[in-house]
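So the chains spell out like this:
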Amino acid sequence: MARVVVEVMPKAEILDPQGQAIAGALGRQGFPGVSQVRQGKRFELDVADDISDADLERIAEDLLANTVIEDWKVVRRP
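Residues numbered from 1 in each chain as written. Predicted model: local features only at pLDDT ≥ 70, side-chain atom pairs only at ≥ 80, totals over all residues. Heavy atoms only, no water.

A short note on the pairing of strand E1 (residues 2–10)
Put simply, the rule reads: When DSSP finds two or more bridges between a pair of strands, those strands are recorded as paired. Secondary structure elements are taken from DSSP: a helix is a run of H or I of four residues or more, a strand is a run of E of two residues or more, and numbering for both begins at the N terminus.
Relative to strand E2 (residues 41–47), E1 runs antiparallel, the two sharing seven bridges. Looking across to E2, one finds that valine 8 is bridged to lysine 41. Both E1 and strand E3 (residues 70–77) contribute to a ladder of eight bridges, which runs antiparallel. Of the residues in E3, the one forming a bridge with valine 5 is valine 75.

Below you can see the structure in the form of structure tokens.
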């Protein structure tokens, strides 16, 4: 078994209203040094050792991310 992490983030050119709201709240809570926040998603999958990287990429691209507005990265953990 292997642990795989898929990180999904809005593309840089896509507005992130949730991140903007968090950044504003941080300023109001006394943390003025935070100028930008981007909010994403993290998926952790336990997969069989023989699942290929290509299959993991298909899972991320086809099921976990909206590739029109999101970028994704697959990281296989030991």
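On we go from here.
With respect to the environment of aspartate 16
What counts, and what does not: Type-normalised accessible area, obtained with a 1.4 Å probe on protein chains alone, sets the label of each residue: buried when under 20%, exposed when over 50%, and partly exposed for intermediate values. In this analysis, two residues are considered to be in contact whenever any of their non-hydrogen atoms come within 4.5 Å of each other. N or O atoms within 3.5 Å of each other form a polar contact, as long as, within protein, one can give a hydrogen and the other can take it, and as long as residues adjacent in sequence are counted only when both atoms are side-chain atoms.
Within the element layout of this structure, aspartate 16 appears in the loop between E1 and helix H1 (17–28). The class of aspartate 16 is buried, set by a relative accessible area of 6%. Spatially, the C-alpha atom of aspartate 16 lies 9.9 Å from that of glutamine 36, the residues being 20 residues apart in sequence. Every residue in contact with aspartate 16, bar those within four places of it in the chain, is listed here: Pro10, Val37, Arg38 and Gln39. A distance of 3.0 Å separates a polar atom in the side chain of aspartate 16 from the backbone nitrogen of glycine 19.

Overview of the sheet that holds E1
Working definition: the strands of a sheet are paired by backbone hydrogen bonds and lie parallel or antiparallel to each other. This is how it is decided: Angles run from 0 to 180 degrees between N-to-C directions of axes, and those axes are lines fitted to C-alpha atoms, restricted for helices to the stretch in contact.
Strand order in the open sheet formed by three strands is E2-E1-E3, and the pairing between neighbours is antiparallel. The strands lining the two open edges of the sheet, one partner per strand, are E2 and E3. Along the sheet, successive strands turn relative to each other by an average axial angle of 20 degrees, direction set aside. The strands touched by helix H2 (residues 53–64) within the sheet are E1, E2 and E3, with E3 carrying the most contacts at an inclination of about 145 degrees.

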